[in-house]
Amino acid sequence: MLQTRAGKRTAEAALKVAVDMEREGLIDKKIAITRVEPEALNQLLHPTLDPDAPREQIAIGLGASPGAATGEVAFTAEEAEKLAADHRDVILVRTETSPEDIHGMHAARGILTARGGMTSHAAVVARGMGRPCVSGAGMLKIDAVRGEMVAGNVTINRGDIITIDGAAGLVFKGKVGLRQPEMTGDFGTLMGWADEVRTLKVRTNADTPGDAATARKFGAEGIGLCRTEHMFFEADRIIAVRQMILADAEDQRRAALAKLLPMQRSDFEAIFKEMAGLPVTIRLLDPPLHEFLPHKEEEFEDVAAAAGTNARKLRARAIALHESNPMLGHRGCRLGITYPEIYEMQARAILEAALTVEEQGGAPVQLEIMIPLVAFKSELEILAARIAGVAAAISRERGKVPDYLIGTMIELPRAALKAGEIAQVAQFFSFGTNDLTQTTLGISRDDAGMFLNDYLAKGVIARDPFVSLDTDGVGELISIAAERGRKTRAKLKLGICGEHGGDPDSIRFCHDSGLDYVSCSPFRVPIARLAAAQAALQKSRSDV
Ligand code: PEP
Ligand code: MG
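Definitions and limits used
- Residues numbered from 1 in each chain as written.
- Chains lettered and ligands numbered in written order.
- Predicted model: local features only at pLDDT ≥ 70, side-chain atom pairs only at ≥ 80, totals over all residues.
- Heavy atoms only, no water.
- Near = heavy atom within 4 Å.
- Polar contact = N/O pair within 3.5 Å; in protein donor to acceptor, adjacent residues only side chain to side chain.
- Areas by Shrake-Rupley, 256 points an atom, 1.4 Å probe, with all protein chains shown as cover.
- Helix = DSSP H or I, 4+ residues; strand = E, 2+ residues; numbered from the N terminus.
- Pairing = 2+ DSSP bridges.
- Axes fitted to C-alpha atoms, helices over the stretch in contact; angles between N-to-C directions.
- Contact = heavy atoms within 4.5 Å.
- 1 Å grid on protein atoms, 1.4 Å probe; cavity = no way out; pocket = protein on both sides within 12 Å on 5 of 7 lines; lining within 4 Å.
- Points joined across faces, edges and corners; volume = space filled by probe spheres on them.
- Nonpolar A, V, L, I, M, F, W, Y, C, P; charged D, E, K, R; others polar.

*Asks:* Can you walk me through the site of ligand 1 in this structure?
*Replies:* In the neighbourhood of ligand 1, 14 residues make up the surrounding shell, with Arg227, Arg283, Gly432, Asn434 and Arg445 lying closest. Side-chain polar atom of Glu411 to an oxygen atom of ligand 1: 2.9 Å apart, as the coordinates give it. Across the complex, the protein chains shield 96% of the 290 Å² of accessible surface that ligand 1 would expose by itself. Looking at the shell around ligand 1, the elements that each hand over two or more residues are strand S15 (223-227) and helix H18 (433-441). The dominant element in the shell around ligand 1, judged by the number of residues it contributes, is H18, at three residues.

*Asks:* What exactly am I supposed to notice about the sheet that holds strand S21 (residues 517-520) here?
*Replies:* Within a sheet, adjacent strands bond to each other through the backbone by hydrogen bonds, running parallel or antiparallel. Overall, parallel pairing links the eight strands, which are arranged S14-S15-S16-S17-S18-S19-S20-S21 in a closed barrel. Taken over all neighbouring pairs, the strand axes of this sheet differ in orientation by 25 degrees on average, direction set aside. Against the sheet, helix H14 (residues 340-359) contacts strand S16 (279-283), strand S17 (366-371) and strand S18 (404-410), and its axis sits at roughly 170 degrees relative to S17. Across the sheet, helix H15 (residues 377-398) lies against S17 and S18, angled at about 155 degrees from S18, the strand it touches most.

*Asks:* Could you clarify how one ought to interpret empty space enclosed by the protein in this entry?
*Replies:* A probe as big as a water molecule, rolled over the atoms, marks out the empty space that is left. Following the criterion strictly, the structure yields one cavity of 30 Å³ or more and no others. The volume enclosed by the largest cavity comes to roughly 40 Å³. Lining the largest cavity are His46, Ser65, Pro66, Arg127, Gly130, Phe523 and Arg524. Of the residues in the lining of the largest cavity, the class split is two nonpolar, three polar and two charged.

See below:
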C-alpha cells in the first residue's frame, strides 16, 4: 500500500458508513462513534447550499449560526414581520440586532449583520432559534432609511433576494439552490451509542417552552441557562418593564414589578411543564436596564405615552442610565444589589410556578436559581438571603415551597480565583464563558468582529476565542475555579452555559476538567452529545 486517504463524505454518508460497518462487525460501537465529526451533524439539522448551484458571493462575515437561507431583504424587524405575514421568505439585514428586533428575527428565514462577533446578540439568539446567521460582515454599508446595502460595487435594495450561508459566513446575491436536511434512523442509532459512553450531561440554553421542546427532541437533559430578560421584550411586558425602570421610588417600582409577576410566573410554568422534572437553571435579570429603553428619538413620544409618562422624563432617564461600558457596568447581580425587589419578584415567580406545576400533578422541578456576574461572595450572600426570604414568605402563604439550589455564574476572573469562598454560598457554578472570555481577554464580545479576522489571518490566534474556548487562559481559570470550588463543597455542581458549551473542542476540555454538564443552544444538543462521547472515549484511551 503506497498511500491512504480518508474518503471525503457528507454527514449522512459518514453516519451510514459508521452504522453499517458496526452492523457488519467490521468496527465496534466505540470506533463508530469516532467516525463522525460532531460539527458535520449540522448538515443533518439545517438546510445547506446545494454544492452544484451557481452563486455570486458579495460579502463575507462570521458563520454565526449554521444553515443556509434565501429571501427578500428587509432592513427592519417590522418590514420582516410584514413580509413574513404575506408568506414571503425574508432575510433580516441589520447593522446589529438588539432585543427589540426579536419579532423580526423570528419572522426571518435568516439574519445578516454588519457588526458583531460570535456571541453578539444576533449570533446568540439566531443559534438559539436555529436560524442561519452571518454576523460581522464589516464590508457591508447598510442604510436602513434608504433601504439599501452596498457590498463593494453591488447594491442590494429592499426586497431584492439574497442568500446566506450561516455555517461558512458567506453572503450571495440572488437565490442559490438549497438542500433540505434529512434525518435518518442511523442518526438515532449513533446518538444512542454516544449516550451510552458519555459521562458529561448535555443541557440546553432555552428561554421559551418552544426552545425547550426543540431541545428535548434533540436529547437535552435539562436547561442549563434560561435567560429571563428575553421574556421582558414581548409587547405586553415591555411597558411594565419600562414603568419599573422609570419609577422614582421603590413603591412605584414594586407596583410595576407586580404587573410582571403573573407573566413571568406563567412563562416559567410552561417551561417547567415542558421539562417534566428535569433540572432547570434560571438566571435572574442580567443586562443593563438601558437595553429596555427606546434608542431612537422618534420612539420616545410613543413609549412615554404607553408607560404613562412624558418624553422628557423618559429621555432624562435614558441619559442617566447611559454607560460608557455597559458590559462592565450596572448589570447582573449589581442590579440585584441596587434593586433587590427585581430579583425578589423573579424568585417569587419561579418558586410559585414550580409549586403550581407540582400541585397540578407535574413532576417536581429540579430548580436551580442562578445569580449572574458575581465577583464577591458578599454579593451572593446578600442576594441568596433575599431569595430565602421570598421562599419563607411563600412557605407561610401556601404551606410549602419547592426545594431549590442557589448558584452563580462564573463570568469574571475574580469569581474564578475566589471560587473557594464563593462556593461557601453557591451550590452550583455555571461557567458563563462568553463573559469570562470577554473579561479575561479584555476583548469586547460585541466588537470583536472588527479585528478578529485579522488576528486569525495573521496567526495571532488559531481560533476565535468566542467560538472555541481559550483553554490555556480562560481554561486555566475554569480549572482553578473547579478545583477551589470543589475543595470547599465536594458536591458542587459544575456546568458551562457560554456558547462554548456547544463546541466540540471546548466540550473535550469540559470533560477533562471534570464538569458535570455542558449547556448549548437546542440545535447544538446532538453535536454536544456526540462530542461528549468522543471526549469520554479519548480520555479513556489516554488513561490506559
Ligand atoms: C455567558 O456570559 O457566557 C452567558 C452565558 O451569559 P450571556 O451570554 O447572557 O451574557
Ligand atoms: Mg454572561
